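Coordinates in review
The primary structure of each chain is shown beneath.
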Amino acid sequence: MISRTTTLLLSLLLAIPALATEPSPRPGGVVIVEVGDAADNAPKVSLHGKPVLVMTRNGKWVAVAGVPLDAEPGELTLDVGAESAVVEIAEHAYREQWITVENQSFVEQSQEQLDRIWSERKIIDAVLTSFTNRPVSSLSLRPPVPGNRSDSFGYRRFFNEQARSPHKGMDMSAASGDPVSAPSEGLIAATGDYFFNGNTVLIDHGQGFVSMYCHLSEITVKEGQSVTVGDVIGAVGATGRVTGPHLHFGTYLNGTAVDPAIFLLDAN
Ligand SMILES: [Zn+2]
């Protein structure tokens, strides 16, 4: 079967007004592609075989896809039904962060710890790659804590000079015990006390749009519970692999980490 390839110009995408988020066609960013008329059924869109969020905007269906942090600059192809749409991904150099960690167990793990990390990874990945077919009306997120945002997303990290996976969230400064609130409506998809992330809450906002809160001192929600914007889900802490209290805030689309700054509203 031959599919027609549509090359979409970014200038066209940028012209779509009033989206909760602007397109940021870079690794760790989002691409927004018009995929049909809202009068028709929503088309099935996927990227690398993973379903992509589709929402209506100004009478059109638009696909909002997360671009993997390890995506190469150049063409990225979305499957749109039997067709495909190609978007151009720009190069983006994330900063390097070199960290010296005193506690060697955070750098080199025992087999027991590796087993624990592996089983936790499976739980977290299952949530991040889940796709619930709920309509999503907005991707705007209210800041989960009022503290400073940092540009720590995407840092290429080295712990004790060993290369590690890039930093897949935004660290927000806050004091231990400060309440953390849901940034948008959703369903509590998982909670747990994980080796690296400490006390963690994952919220499913629908269609693979998932947010994650780590290092909490306390979790005040239960799996399966519905939350709405502003509901307290826990408190800031320093559990897991951290040097001090802060909130690690992660946002995911189609199973890939994207920069939370893309979705955050300015004010509380
Ligand atoms: Zn972090």
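As the structure is a prediction and not an experimental result, all values here were calculated from the model.

Attention shifts here to helix α2 (residues 111–128). In this model α2 runs 25 Å from its N-terminal to its C-terminal C-alpha over 18 residues, within 8% of the 26 Å that 1.5 Å per residue would give. If you check which residues of α2 are buried, you get Ile117, Glu120, Ile124, Val127 and Leu128. Projected down its long axis, α2 shows its buried positions confined to an angular sector of 90°, all on one face. Opposite its buried face, α2 presents the exposed residues Gln111, Glu112, Trp118 and Lys122, each directed more than 90 degrees away. The elements touched by buried residues of α2 are β14 (186–194), β15 (198–204), β16 (210–216) and β20 (247–253).

Another aspect to go through is the environment of Asn199. By the secondary structure assignment, Asn199 is in strand β15. For Asn199, a relative accessible area of 15% puts it in the buried group. Taking C-alpha positions, Asn199 is 8.4 Å from Gly237, a pair spaced 38 residues apart along the chain. When near neighbours in sequence (up to four residues on either side) are disregarded, Asn199 contacts Gly192, Asp193, Tyr213, Cys214, His215, Leu216, Ser217, Glu218, Ile219 and Thr239. There is a polar contact of 3.0 Å between the side chain of Asn199 and the backbone oxygen of Leu216.

The mixed open sheet is built from 3 strands, whose spatial order is β9-β10-β11. Every other strand in the sheet has two partners, leaving β9 (96–99) and β11 (162–163) as the edge strands with one partner each. Pairing between strand β10 (residues 156–159) and β11: 2 bridges, direction antiparallel. Within β11, the position partnered with Phe159 by the bridge is Gln162.

Protein coordination at the zinc ion: the donors are His167 (NE2), Asp171 (OD) and His248 (ND1), at 2.1 Å from the metal. The motif formed by the donor residues of the zinc ion, counted along the single chain, is H-x3-D-x76-H. Of the residues examined, Asp171 reaches a relative accessible area of 23% and is grouped as partly exposed.

In this section: the environment of Pro135. The residue Pro135 is located in the loop between α2 and β10 in this model. Among the residues examined, Pro135 registers a relative accessible area of 78% and is labelled exposed. Spatially, the C-alpha atoms of Pro135 and His205 are 9.4 Å apart, while their sequence positions differ by 70 residues.

Thresholds applied
Residues numbered from 1 in each chain as written. Predicted model: local features only at pLDDT ≥ 70, side-chain atom pairs only at ≥ 80, totals over all residues. Heavy atoms only, no water. Helix = DSSP H or I, 4+ residues; strand = E, 2+ residues; numbered from the N terminus. Expected span 1.5 Å × (residues − 1). Buried < 20%, exposed > 50% of the residue type's maximum accessible area, 1.4 Å probe, protein only. Arc of directions from axis to C-beta. Contact = heavy atoms within 4.5 Å. Polar contact = N/O pair within 3.5 Å; in protein donor to acceptor, adjacent residues only side chain to side chain. Pairing = 2+ DSSP bridges. Donors = N, O, S within 2.8 Å, 3.2 Å for Na, K, Ca; no water.

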